[in-house]
Amino acid sequence: MIRSQFMPLILGAFLVLGFSGSVLAQKPPAKCGPDHAILYKRAVKLLDNAEKKLNAGYTAEAKSQAKEANSLFTILHKECGPQQADRALTDQELQQEAINQKLAADELAQAERLIKSAEEKTQKAVKLEMTQPEVYQKYQREAKAEFEQAHKRSIKSEIYALRNQQMVFGWLGK
């Protein structure tokens, strides 16, 4: 039903959360060069813009920019993996990584709860559509609002996860 719209977002966020450890363990043959610093800066700018757009209520634009930032970080993982693997995170970075992972997981859990609640309201609305049209409309509005909020929280979760990628590749921006 409507939930299927959000499953790719939720699954994508889980993939991004686990991405840093699994990809960094791989050692592709490509070398990291000055062009990668440009990719990094572009990814950070997209991520910053995605967060601003999300906060301003432009969900579709935020999703698009977060997705593009994710693509750029994926390229950095593939091409700069060996150099990144040689760089250990500081204690402060490790703490921030843990915080971002927790925030991303919390946002994702909240999104899942909202989706479940919205689905329940949609089911209630369908049952009441013919007998109580005003209650039907109320449940439909509430369900729609919850689906939208779940979508925003899923994007926010992705942004938190991508902030870890920003931190991991921060050395490229220096």
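Residues numbered from 1 in each chain as written. Predicted model: local features only at pLDDT ≥ 70, side-chain atom pairs only at ≥ 80, totals over all residues. Heavy atoms only, no water.

Another aspect to go through is the overall build of the protein. Helix and strand counts for the protein stand at five helices and zero strands. In sequence order, the secondary structure elements of the protein are arranged as α-α-α-α-α. Relative to its full complement of 174 residues, the protein shows a buried share of 42%. When the accessible surface of the protein is split by element, carbon and sulfur atoms take 55% of a total near 9900 Å². (Helix = DSSP H or I, 4+ residues; strand = E, 2+ residues; numbered from the N terminus. Buried < 20%, exposed > 50% of the residue type's maximum accessible area, 1.4 Å probe, protein only. Areas by Shrake-Rupley, 256 points an atom, 1.4 Å probe, with all protein chains shown as cover.)

So, on to the packing of aromatic side chains. Under the criterion given, the structure shown has one aromatic pair. Ring geometry for Tyr40 against Phe73: centres 6.4 Å apart, planes inclined by 70 degrees, an arrangement best described as edge-to-face. With Tyr40 in helix α2 (residues 34–55) and Phe73 in helix α3 (residues 59–85), this pair connects stretches of sequence that are 33 residues apart. Each of the two residues, Tyr40 as well as Phe73, counts as buried. Lying over the aromatic face of Tyr58, Lys53 brings its terminal NZ or CZ to 5.3 Å of the ring centre. Taking the ring centre of Tyr139 as reference, the NZ or CZ of Lys138 above it sits at 5.1 Å. (Phe/Tyr/Trp six-rings, centres within 6.5 Å; stacked < 30°, edge-to-face > 60°. Lys NZ or Arg CZ within 6 Å of the ring centre and 35° of its normal.)

This part is about the packing of α2 against α3. Between α2 and α3, the least distance of the axes is 8 Å, while the angle of their chain directions is 155 degrees. By the angle between their axes, α2 is roughly antiparallel relative to α3. When the axes of α2 and α3 are compared, the crossing they make is left-handed. Partitioned by chemical class, the residues of the contact of α2 with α3 number 15 nonpolar, four polar and five charged. (Axes fitted to C-alpha atoms, helices over the stretch in contact; angles between N-to-C directions. Parallel < 35°, antiparallel > 145°, perpendicular 65-115°, else oblique. Left-handed = near helix turned anticlockwise from the far one by under 90°. Nonpolar A, V, L, I, M, F, W, Y, C, P; charged D, E, K, R; others polar.)

For the rest of this paragraph, the subject is the pattern of salt bridges. Enumeration according to the criterion identifies 12 salt bridges in this entry. Across the salt bridge formed by Glu107 and Arg153, the nearest N and O atoms sit 3.0 Å from each other. With Glu107 in helix α4 (residues 91–128) and Arg153 in helix α5 (residues 133–168), this pair connects stretches of sequence that are 46 residues apart. Judged by relative accessible area, Glu107 falls into the buried class, the value being 16%. Here Lys138 and Glu142 are joined by a salt bridge, their closest N and O atoms 3.4 Å apart. (Salt bridge = Lys/Arg side-chain N within 4 Å of Asp/Glu carboxyl O.)

Turning our eyes to something else, we now look at the confidence of the model for the protein. Here the protein averages 85 in pLDDT, while 83% of its residues score no lower than 70. Counted against residues more than four places away or in other chains, residues 13–17, with its pLDDT under 50, gives 13 contacts. (pLDDT = per-residue confidence, 0-100. Contact = heavy atoms within 4.5 Å.)

Our next topic: the nonpolar core. Formed by 22 residues in total, the largest nonpolar core has its most connected members in Tyr40, Phe73, Leu76, Ile159, Phe169 and Leu172. Setting aside residues up to four positions removed in sequence, Phe73 forms contacts with Tyr40, Ala43, Leu47, Leu162, Gln165, Gln166 and Phe169. Membership of the second largest hydrophobic core comes to seven residues, among which are Ala111, Leu114, Ile115 and Ala143. (Core = buried A, V, L, I, M, F, W, Y, C linked by side-chain atoms within 4.5 Å.)

Structurally, Arg163 can be placed in helix α5. A polar atom in the side chain of Arg163 sits 2.7 Å from the side chain of Glu51. Beyond its immediate sequence surroundings of up to four residues, Arg163 is in contact with Leu47, Asp48, Glu51 and Asn100. (Polar contact = N/O pair within 3.5 Å; in protein donor to acceptor, adjacent residues only side chain to side chain.)

This next bit is on α3. Each α-helix turn comprises 3.6 residues. Residues three or four places apart therefore point the same way. Between its terminal C-alpha atoms α3 stretches only 34 Å, short of the 39 Å expected from 27 residues at 1.5 Å a residue. Largest kink in α3: about 65 degrees, centred on Glu79, with the proline Pro82 one to four residues after it. (Expected span 1.5 Å × (residues − 1). Bend = angle between axes of the 7 residues up to and from the residue.)

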